Amino acid sequence: MIDDVVWSGTWVAERLGVELVGDEKLPGLLGLALRRNPKRAHLLVSHVLGKHIPQRPTVVYGSGFALGERVRDLLGGEEAGRAVVVGYAETATALGHAVADGLGSAPYLHSTRRPVEGVARAGGFEESHSHATSHLLLPEDPKLLAGEGPLVLVDDEFSTGNTVLNTIRDLHERYPRDRYVVVALVDMRSPADHGRLEAFAREIGARVDLVAGAAGTVRLPDGVLEKGQALVAQYETAPAPAPLPPAGSRPVRVELGWPDGVPDGGRHGFTVSHALALTDALPAMADRLATALDEAPGRGSSGSSSAGPSAAGPSADGPAPRPASGRRVLVLGFEELMYAPLRLAVALERAGHDVAYSTTTRSPVLAVDDPGYAIRTRLVFPAHDAPADGPGPRYAYNVAGAGFDAVVAVVDSAADTPELHAPDGLLAQLAAHIPHVVLAVVPTYQPTASPERASMLPEPLRGPAFSSYAPEEVGWLLQDLSDVELEAPTEEREEAIQSGGAHYAESLPVEYQPSAQYQELFHAALETSAARIARAVGAVTETVLAERSGRGSGTPVLVSLARAGTPVGVLMRRWAQARHGLDLPHYAVSIVRGRGIDANALRWLAAHHDPADVVFVDGWTGKGAITRELAEALEDFPGFDPEIAVLADPGSCVRTYGTREDFLIPSACLNSTVSGLISRTVLRADLVGPDDFHGGKFYRELAGADVSRDFLDAVAARFDEVVDAVDTDVKELLAADRTPTWEGWAAVERISEEYGIHDVNLVKPGVGETTRVLLRRVPWKILAQRGAGADLAHVRLLAEQRGVPVEEVDGLPYTCVGLIHPQYTRGATGADGKAVVSQ
């Protein structure tokens, strides 16, 4: 299928003017294709990765192995012996594994999109273009990533660097180390992106090296995105050719004899002992496959070569032998399951078979049958492994029409489902194009689940001993750290957080003491917004009651996310009591961005209530980071519903809300003095053990400034007057399409790039989040919706006190957005040249 003479990027280059610039071997490594994508229509297609283009397995494995050898030379023997390798799902799982093999004795882990019950996350992160969680790190041994040796991150392509840098930032917060190595087949960064790696390394205080097989960039003319999208639309709507009739052969199942105790890949970790055991077992498994292939009718090669131009040298196993027969075999892996089929394919090739290797994929790419285009044909079939994100189409490229005489489809046992064997499933699609289909199933590795905590968890903390709320209003699933000195100056905390030296949850900001003018603003805001808040409280509570009536016991258990969610949880409880006579249980738990929800708090809740009754409550949404954090964390705790009920959802991140307007909620104006005198939650290893709840402080000494009950009482006093409006709102909400659009996340990504921040965690959208920036962090500037009025009076006052500019802009989807100072050090200045100060 792949022509050795015509470059497989010619078709796209001629129509769009796209150019590969850099190493002369780039055209041998990469082709071009098109896809439907709002950010980048063109797709770089690797000839040596073994994903979209079938290639000789010794070339695929050898390319990664050679990169691993280069990393070993870079690190030296001692450091290489302490290294850990992490690869990216789904494209680079086998590449990362081959790098680990070339490195020598390095354990390997790849990210995954398949959550596994009972396995705790060691990390999780998103690709910059994705609204859903893209990558989970699920090592069976939680110590795998906790060492101090170098961390080697492997991806097929280093384009902007966003995904890799976000990964390092996430892992550095949890497991700080001195050295990172980024490995890619090709480094395709633009000149503007080159300086970011060095700046990032300085920011976190670690060395970050880059090893790539080739380097260059993609030169894109103006308007290329629109032209590419038009081409995709034109060719996707063209009539599809009639499908080939079934070949008539039934798939033959082969028992591989997979070695006991060896994982199917690096999803939960793969050690040197695993690699040795697999290597010992490969010859026998290859013999079993060869026996099944020998049953196929030999008809020689009848199509153009699908191996493509060989851009790598000999594999780690030495030069490939000449094929012993004319039969052409494709070994086809499955999404993340790339390494096991690759090693099987290498073993077959070493035994003298004419073998190509590729895998199926989740990624939709346009197919154009032209020698100058990288994706010539496309098979489409339904997902067959019950994916966590729901059913959908999957693809196999450059398989149909490639002249293969036989195909070995390799899947893990979790994917050996009725959908795989269905009339429109993968096996049927293969049989329609290839005479002989062999199915080899690798047993899905089942990691040992973490044992449940043996110790008895304590009962919730309640006021007045802990918090100024009445004891029946809320039970805090926290441990009391009131006597521990945890506060640090704002600038000191910011520098530590951004350098990667500390996580924001390991310390507390010094509690902001509001001036008399600021207190007047709070009370004025409360007076003018109390009815508006009461209406939103009623709407979200009634929606929860209506939607939870058929679940569990039918009586919701409110679990607020401390601390912004706690006043809202108390108000929802008061509404249910006043309107329906319901006495809803209410607890507050800790959730920490990048660390997840308090697992012990969930265990306590599961032991005392039906998880189906639990409704998580928060104050408002910004870009939806906590929404995603909760959804990820709860995948380890089946039975809990990850949906969050919020008072306001300006980011369009949840289905259950009181309003989607971005307005001033006065409880966002203050810290502990409007939240029962409780600090934000704390998670630090020396204070919170494996059997402890997360921590929090009770600021008893601030009782004179406490307005927590004033806030609750002022809102609850307006319940009666908003009842009719709430009834109307709820009818409309229950009938409306409330599917999240994630508009907030898209806006934050746009602002992050527009202002050169390149880190969405430093962009805090909405009135509530902007207020937090001004109270707790080092702000850089405030973006305000042009014409915003009283809702921003307190923001303007705080900004004035801290010397932070407020920039009015048009087209802002929020009332305001707070920008945390990027790359902060204590010598950094604000946008106006003045040093930012704390109060």
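Up top is the structure.
Note that this is a predicted model, so its numbers are computed, not measured.

Draft legend 1. The arrangement of the overall build of the protein chain in detail. The secondary structure content of the protein chain amounts to 21 helices and 33 strands. Burial status across the protein chain gives 61% buried among its 839 residues. The contacts in the protein chain between residues at least 6 apart in sequence include a share of 78% that link residues at least 24 apart. Summed over its atoms, the accessible surface of the protein chain is roughly 31200 Å², and 51% of this surface lies on carbon and sulfur atoms.

Draft legend 2. Quick peek at helix 7 (residues 191–204). Three or more residues of helix 7 are buried, namely Asp193, Arg196, Leu197, Ala199, Phe200, Ala201, Glu203 and Ile204. Note on helix 7: the residue one or two positions beyond its end, Gly205, has a positive phi of about 70°.

Draft legend 3. Representation of the sheet that holds strand 23 (residues 586–589) in the model. The parallel open sheet is built from six strands, whose spatial order is 18-23-22-26-27-28. The open sheet has two edge strands with one neighbour each: strand 18 (475–476) and strand 28 (656–659). Across four bridges, the pairing between strand 22 (residues 557–561) and strand 23 is parallel. Opposite Ser560, over in strand 23, you have Ala588 as the bridge partner. Here helix 15 (residues 599–608) sits on the sheet and contacts strand 22, strand 23 and strand 26 (614–620); the angle it forms with strand 23, its principal contact strand, is near 160°.

Draft legend 4. Region of interest: the pattern of salt bridges. Considering all chains together, one arrives at 34 salt bridges under this definition. Arg376 serves as the salt-bridge partner of Asp369, at 2.9 Å between the closest nitrogen and oxygen. Taking the relative accessible area as the measure of exposure, Asp369 reaches 60% and is therefore exposed. Classification of Arg376 by relative accessible area gives buried; the value is 15%. Taking the shortest distance from any N to any O, the salt bridge between Glu808 and Arg796 comes out at 3.4 Å. On the criterion of sequence distance, the pair formed by Glu808 in strand 32 (residues 806–809) and Arg796 in helix 21 (residues 793–802) is long-range, its members being twelve residues apart. According to the relative accessible area criterion, Arg796 is partly exposed, its value standing at 29%.

Draft legend 5. Unusual backbone geometry, seen in detail. Geometrically, the link from Gly463 to Pro464 is a cis peptide bond, its omega value of 0° lying close to zero. Among the secondary structure elements, Pro464 is positioned in the loop between strand 17 (436–442) and strand 18. In this chain, Ala562 is followed by Arg563 through a cis amide linkage whose omega measures 0°. On the secondary structure map, Arg563 appears in the loop between strand 22 and helix 14 (565–580). For Ala386, which is not a glycine, the phi torsion comes out positive at approximately 50°. You can see Ala386 is positioned in the loop between strand 14 (378–382) and strand 15 (393–397).

Draft legend 6. Here's a closer look at the pairing of strand 27 (residues 644–648). Counting buried positions along strand 27 gives five out of five residues, so the element sits mostly inside the fold. Direction of pairing for strand 26 relative to strand 27: parallel, over a ladder of four bridges. Bridging across to strand 27, Trp620 finds its partner in Ala648. Once the chain exits strand 26 it traverses helix 16 (residues 625–634) before rejoining the sheet at strand 27, and the crossover so formed is right-handed. Bridge analysis of strand 27 against strand 28 gives three bridges, and the strand direction is parallel. Bridged to Val646 within strand 28 is Tyr657.

Draft legend 7. Structural detail: helix 14. In a regular helix each residue adds 1.5 Å, so 16 residues correspond to 22 Å; helix 14 covers 22 Å between its end C-alpha atoms and thus fits that length. Every buried residue belonging to helix 14 is among Gly565, Thr566, Pro567, Val568, Gly569, Val570, Leu571, Met572, Arg573, Arg574, Trp575 and Ala576, and all of these are buried. Following helix 14 by one or two positions, Gly581 adopts a phi angle in the positive range, close to 70°.

Draft legend 8. Spotlight on the packing of aromatic side chains. Per the counting criterion, the structure on display carries eleven aromatic pairs. Between Phe616 and Phe640 the ring centres are 6.3 Å apart and the planes differ by 50°, which places this aromatic pair in the tilted class. Of this pair, Phe616 sits in strand 26 while Phe640 sits in the loop between helix 16 and strand 27, placing them 24 residues apart in sequence. Judged by its relative accessible area of 0%, Phe616 is buried. The exposure class of Phe640 is buried, given its relative accessible area of 8%. A network of ring pairs unites the aromatic residues Phe466, Tyr469, Trp476 and Phe698 as a single cluster. Above the ring of Trp780, the side-chain terminus of Lys781 is found at 4.7 Å from the ring centroid.

Draft legend 9. Spatial organisation of the side chain of His274. The topology assignment puts His274 in helix 9 (residues 272–294). With residues up to four places along the chain from it excluded, the contact list for His274 reads Gly261, Val262, Pro263 and Gly269.

Draft legend 10. Structural detail: the pairing of strand 26. Of all seven residues making up strand 26, seven are buried, and the element is well covered by its neighbours. Sheet topology places strand 22 next to strand 26; four bridges connect them, and they run parallel. Within strand 26, the position partnered with Val559 by the bridge is Phe616.

Draft legend 11. Examining the packing of helix 6 (residues 162–174) against helix 7 more closely. Contact geometry of helix 6 with helix 7 gives a least axis separation of 12 Å together with a crossing angle of 5°. Relative to helix 7, the element helix 6 lies roughly parallel. Residues Asn162, Leu165, Ile168, Arg169 and His172 of helix 6 lie in contact with helix 7, whose contacting residues are Arg196, Leu197, Phe200, Glu203 and Ile204. The residue makeup of the contact of helix 6 with helix 7, split by class, is five nonpolar, two polar and three charged.

Draft legend 12. Inspection of the environment of Asp389 at higher detail. Tracing the backbone shows Asp389 in the loop between strand 14 and strand 15. Non-local contacts of Asp389, meaning those with residues more than four positions away in its chain, are made with Arg362 and Arg394.

Draft legend 13. Highlighting the packing of helix 9 against helix 10 (residues 339–350). Contact geometry for helix 9 and helix 10: axes closest at 9 Å, N-to-C directions at 70°. In terms of their interaxial angle, helix 9 and helix 10 are classed as roughly perpendicular. On helix 10, the residues that touch Leu278, Thr279, Leu282, Met285, Ala286, Leu289, Ala290 and Leu293 of helix 9 are Tyr339, Arg343, Leu344, Ala347 and Leu348. Across the contact of helix 9 with helix 10, the residue classes break down as eleven nonpolar, one polar and one charged.

Analysis parameters
Numbering of residues starts from 1 in each chain and follows the order in which that chain's sequence is written. Residues qualify for local features only when their pLDDT is at least 70, as the model is predicted, and side-chain atom pairs are given and counted only at 80 or more; totals for whole chains, interfaces and linings, by contrast, use all residues. With hydrogens and water excluded, all non-hydrogen atoms of the structure serve as input to the side-chain values. Strands here mean DSSP runs of E at least two residues long; helices mean DSSP runs of H or I at least four residues long; both are numbered from the N terminus. When a residue's accessible area, from a 1.4 Å probe over protein chains only, is under 20% of the maximum for its type it is buried; when over 50% it is exposed; and in between it is partly exposed. By definition, residues are in contact when any of their heavy atoms lie within 4.5 Å. For the accessible areas, the method is Shrake-Rupley and the probe is 1.4 Å, while residue cover comes only from the protein chains on display. Whether two strands pair comes down to DSSP finding at least two bridges between them. Lines fitted to the C-alpha atoms define the axes, with helices restricted to the stretch that makes contact. Angles between their N-to-C directions range from 0 to 180 degrees. In what follows, salt bridge is the name for a side-chain nitrogen of Lys or Arg lying within 4 Å of a carboxyl oxygen of Asp or Glu. The definition of a right-handed crossover adopted here requires that, viewed with the strands pointing away, the path from the first strand over the helix to the second runs clockwise. To estimate the expected span of a helix, subtract one from its residue number and multiply by 1.5 Å. Side-chain rings of Phe, Tyr and Trp, where Trp is taken by its six-membered ring, are said to pair if the distance between their centres is within 6.5 Å; with planes under 30 degrees apart they count as stacked, over 60 as edge-to-face, and otherwise as tilted. Any Lys NZ or Arg CZ that is within 6 Å of a ring centre and within 35 degrees of that ring's normal is treated as a charge sitting over the ring. Angular relationships are summarised with four words: roughly parallel below 35 degrees, roughly antiparallel beyond 145, roughly perpendicular across 65 to 115, and oblique for the angles in between. Classification used: nonpolar for Ala, Val, Leu, Ile, Met, Phe, Trp, Tyr, Cys and Pro, charged for Asp, Glu, Lys and Arg, polar for all others including Gly.

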